[in-house]
Amino acid sequence: MLFTRSKFARRLLGAFLLLSITSLGVLGLLLSQYFHDAAMAREQENLMNNAHIIELTLAEELEATPIEMQDTIEAIQAQTGLRVTVLCADGQVIADSEGSAGQMDNHLLRPEVQQALHRSYGTSVRYSDTLQENMLYVAIPVHTADGISAIIRTAAPLTYVEASYDHTLHATLLAMFFALLVSILVAVLLARRTLRPLSAMTKTAHAIAAGDLKRRIHIHSGDEFDVLGSTINHLAMNLIDKIEHEQVLNRRQQVFIDNAAHELKTPLTSISGFAETLQEDDFQQPEMTRHFLRIIYDESQRMTRLINDLLSLARVGHLREDPRNLHRVPLDLGDVLQHCADSLRGKANARAQELTVEVARPLPPVSATPDLMEQLFNNLIENAIKYTPEHGHITVSCKSTSTKLIACVRDDGIGIASRDLPFIFDRFYRVDKDRSRQTGGTGLGLSLVKFLAELFDGQITVTSEKGKGTTFRVEFPCQLK
Ligand SMILES: Nc1ncnc2c1ncn2[C@@H]1O[C@H](COP(=O)(O)OP(=O)(O)OP(=O)(O)O)[C@@H](O)[C@H]1O
Ligand SMILES: [Mg+2]
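Residues numbered from 1 in each chain as written. Chains lettered and ligands numbered in written order. Predicted model: local features only at pLDDT ≥ 70, side-chain atom pairs only at ≥ 80, totals over all residues. Heavy atoms only, no water.

**Examining the sheet that holds strand β7 (residues 354-359)**
Then, in step 1: Pairing is mixed across the open sheet formed by five strands, whose spatial order is β7-β9-β10-β12-β11. Each edge of the sheet is formed by a strand with only one pairing partner; in this case those strands are β7 and β11 (459-465). Recorded for the sheet is a direction-independent mean angle of 10° between the axes of neighbouring strands.
Then, in step 2: Pairing of strand β9 (residues 393-400) with strand β10 (residues 404-411), which is carried by seven bridges, proceeds in the antiparallel orientation. Across the sheet, C398 pairs through a bridge with A407, a residue of β10.
Then, in step 3: Across the sheet, helix α9 (residues 370-386) is in contact with β7, β9, β10, β11 and β12 (469-477); its angle to β12 comes to roughly 170°. (Pairing = 2+ DSSP bridges. Helix = DSSP H or I, 4+ residues; strand = E, 2+ residues; numbered from the N terminus. Axes fitted to C-alpha atoms, helices over the stretch in contact; angles between N-to-C directions. Contact = heavy atoms within 4.5 Å.)

**Some thoughts on the sheet that holds strand β5 (residues 147-157)**
Then, in step 1: Taking strand neighbours across the sheet as the criterion, the five strands line up as β2-β1-β5-β4-β3 in an open arrangement whose pairing is antiparallel. Two strands bound the open sheet, and with one partner strand each, they are β2 (93-96) and β3 (122-128). For this sheet, the mean angle separating the axes of adjacent strands, direction not counted, is 25°.
Then, in step 2: Bridge analysis of β3 against strand β4 (residues 133-144) gives seven bridges, and the strand direction is antiparallel. Its bridge partner lying in β4, V125 is registered against L136.
Then, in step 3: Contacts from helix α2 (residues 7-57) reach β1 (83-88), β3, β4 and β5 within the one sheet, and its direction differs from that of β4 by about 40°.

**Focus on the packing of helix α6 (residues 224-281) against helix α7 (residues 286-321)**
Then, in step 1: Closest axis-to-axis distance for the α6/α7 pair is 9 Å, and the angle between their directions is 160°. In terms of their interaxial angle, α6 and α7 are classed as roughly antiparallel. Seen along the crossing, α6 lies across α7 with a hand that is left-handed.
Then, in step 2: Taken together, the residues of the contact of α6 with α7 break down into 19 nonpolar, five polar and four charged. (Parallel < 35°, antiparallel > 145°, perpendicular 65-115°, else oblique. Left-handed = near helix turned anticlockwise from the far one by under 90°. Nonpolar A, V, L, I, M, F, W, Y, C, P; charged D, E, K, R; others polar.)

**Some thoughts on the nonpolar core**
Then, in step 1: Core analysis: the biggest nonpolar cluster contains 55 residues, and L333, M373, L376, F377, L380 and F476 have the highest contact counts within it.
Then, in step 2: At eight residues, the largest contribution of residues to this core is made by α9.
Then, in step 3: Composition of this core by domain shows at least three residues from each of domain 2 (229-316) and domain 3 (326-477).
Then, in step 4: The contact partners of L333, leaving out residues within four places of it in the chain, are V366, M373, F377, C398, L405, A407 and F476. (Core = buried A, V, L, I, M, F, W, Y, C linked by side-chain atoms within 4.5 Å. Buried < 20%, exposed > 50% of the residue type's maximum accessible area, 1.4 Å probe, protein only. Domains from an automatic or database assignment.)

**A closer look at the pairing of β11**
Then, in step 1: Here β11 pairs with β12 via seven bridges, running antiparallel. For S464, the partnering residue across the bridge sits in β12 and is T470.
Then, in step 2: The turn joining β11 and β12, which pair antiparallel and follow one another in sequence, is formed by three residues; a positive phi near 85° is taken by G467.

**Regarding the domain arrangement of the protein**
Then, in step 1: Per the domain assignment, the segments making up the protein are domain 1 (2-164), domain 2 (229-316) and domain 3 (326-477).
Then, in step 2: With centres defined by C-alpha atoms, the gap from domain 2 to domain 3 works out at 24 Å.
Then, in step 3: In this assembly, 16 residues from domain 2 lie in contact with 16 residues from domain 3.
Then, in step 4: Regarding the contact of domain 2 and domain 3, the summed buried area is about 1,500 Å², with carbon and sulfur atoms giving 59% of it.
Then, in step 5: In this structure, the connection of domain 2 to domain 3 is made through two salt bridges.
Then, in step 6: In this structure, E263 and R430 form a salt bridge, with 2.6 Å as the shortest nitrogen-oxygen distance.
Then, in step 7: At the boundary of domain 2 with domain 3, the tally comes to four residue pairs in polar contact (both at pLDDT 80 or more).
Then, in step 8: For the side of domain 2 that touches domain 3, the elements supplying multiple residues, two or more each, are α6 and α7.
Then, in step 9: The element best represented in the side of domain 2 that touches domain 3 is α7, accounting for 10 residues. (Buried area = accessible area lost by both parts, 1.4 Å probe. Salt bridge = Lys/Arg side-chain N within 4 Å of Asp/Glu carboxyl O. Polar contact = N/O pair within 3.5 Å; in protein donor to acceptor, adjacent residues only side chain to side chain.)

**Let's talk about the packing of aromatic side chains**
Then, in step 1: In this structure the tally under the stated criterion is six aromatic pairs.
Then, in step 2: Both rings, one in F423 and one in Y429, keep their centres 5.6 Å apart while their planes meet at 40°; by these two values the pair is tilted.
Then, in step 3: For Y429, a relative accessible area of 27% puts it in the partly exposed group.
Then, in step 4: Sitting over the face of the ring of Y137, R126 holds its NZ or CZ atom 4.3 Å from the ring centroid.
Then, in step 5: One cation-aromatic arrangement involves R320 over F451; the distance from NZ or CZ to the ring centre is 4.2 Å. (Phe/Tyr/Trp six-rings, centres within 6.5 Å; stacked < 30°, edge-to-face > 60°. Lys NZ or Arg CZ within 6 Å of the ring centre and 35° of its normal.)

**Points about helix α4 (residues 111-118)**
Then, in step 1: Among the residues of α4, E112, V113 and A116 are the ones counted as buried. Summarising the axial view, the buried residues of α4 lie within an arc of 100°, below the 170-degree limit, and thus occupy one face.
Then, in step 2: Structurally, α4 contributes buried residues whose contacts are with β1, β3, β4 and β5. (Arc of directions from axis to C-beta.)

Below is the structure:
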């Protein structure tokens, strides 16, 4: 059943019960009290009126003998059920409608008598030993010229008043019982209405948590559950996106590892092959020995470069994930370019190339790390030297606009075919593998360049035409002063 399973339903029922039972209880008690007080007041007023009527009735008898008076009040009790007692001002009972005046003790100290002697009337509620029930007594003084001559007391049992009090109390209990039934009913209905979408949602959420990410919650209750439902749907959708993204990254990582292993294996294979041949030949042919040793040296150099590039990539990767270790300072990009060009001028000269630096000052500073910024442009200028024939021209330039710094490395070299352009920033991508191998290229240079540019919030673009030349353009946001 719903209530044994659902804590929510039990709480709901508890709240309903508490609310209805306390409010009905308080209302019942207040009403009972009110009715009781009203009935008492009415009863008292009746007794008082009756006492006054009896005073008028007994006006003559009061002068006469108690015996006659006794007859009259007995007649009154017989007719009306009203108990009447007549007392002297000193409390002695003169006549009593119960007919036992003679045996009755002095009533002077009865509260209603005391009050009547001092005020216009007196009342008291008491258990009557004579009648063995709760009685309401009202006493009034009878005044003569000499003062109080007698006291007339009327009394009636409280059976009626007490019964009306009990009735109200019973009615309240009955109402509480019905409230209990209605509370259970309403709580059950409300809990069921509330819990139905919730349990459907829980089921779907469990399915999603268990990996069924395509599952969706379809609830249109028009309340907060809608929001919860669409939030869970959103969560599942985000999870799918995240997982897909992760899968792409993993695949890329896998390809990268395959490529890296392959790139390292190639020189290693030739190194071990040539070393083995040399061993077998036992250095008999000095010419061949020299040639093979040269190859072994070149291949090991190539491996060193490859490993250095891989280490650089890894370092930039770490910095990208945790930029706290990236100690950026304001840099003059013109100085960086000049420094790079100077360090590579020897290589350009060896190929009879003209290497020019054009810096349009003044330049705002760029926020970067000097060695990494130099690594970026060294790679671009080295490429330009490598992929430009002898006597070619290479221009390194730098200028600023209001929002950015623009650096360009331009050459009039071999250019890149448009079908290759989209891939040149990929790791290990080389347009012409054989030619690049000859020049010692690893195909990691431009991917490192792109990572570095992005590390410093920059963007790199390339324009190229086969046979005409290539321009790499790097844009950095200006550092605000
Ligand atoms: N200035 C350029 N002119 C023509 N082709 C270029 C130029 N720069 C790069 N490329 C082409 O893009 C490819 C990728 O360049 P990248 O710098 O990544 O590798 P690499 O120069 O071959 O090797 P590495 O720089 O790692 O030694 C090169 O192999 C080359 O084909
Ligand atoms: Mg390169």
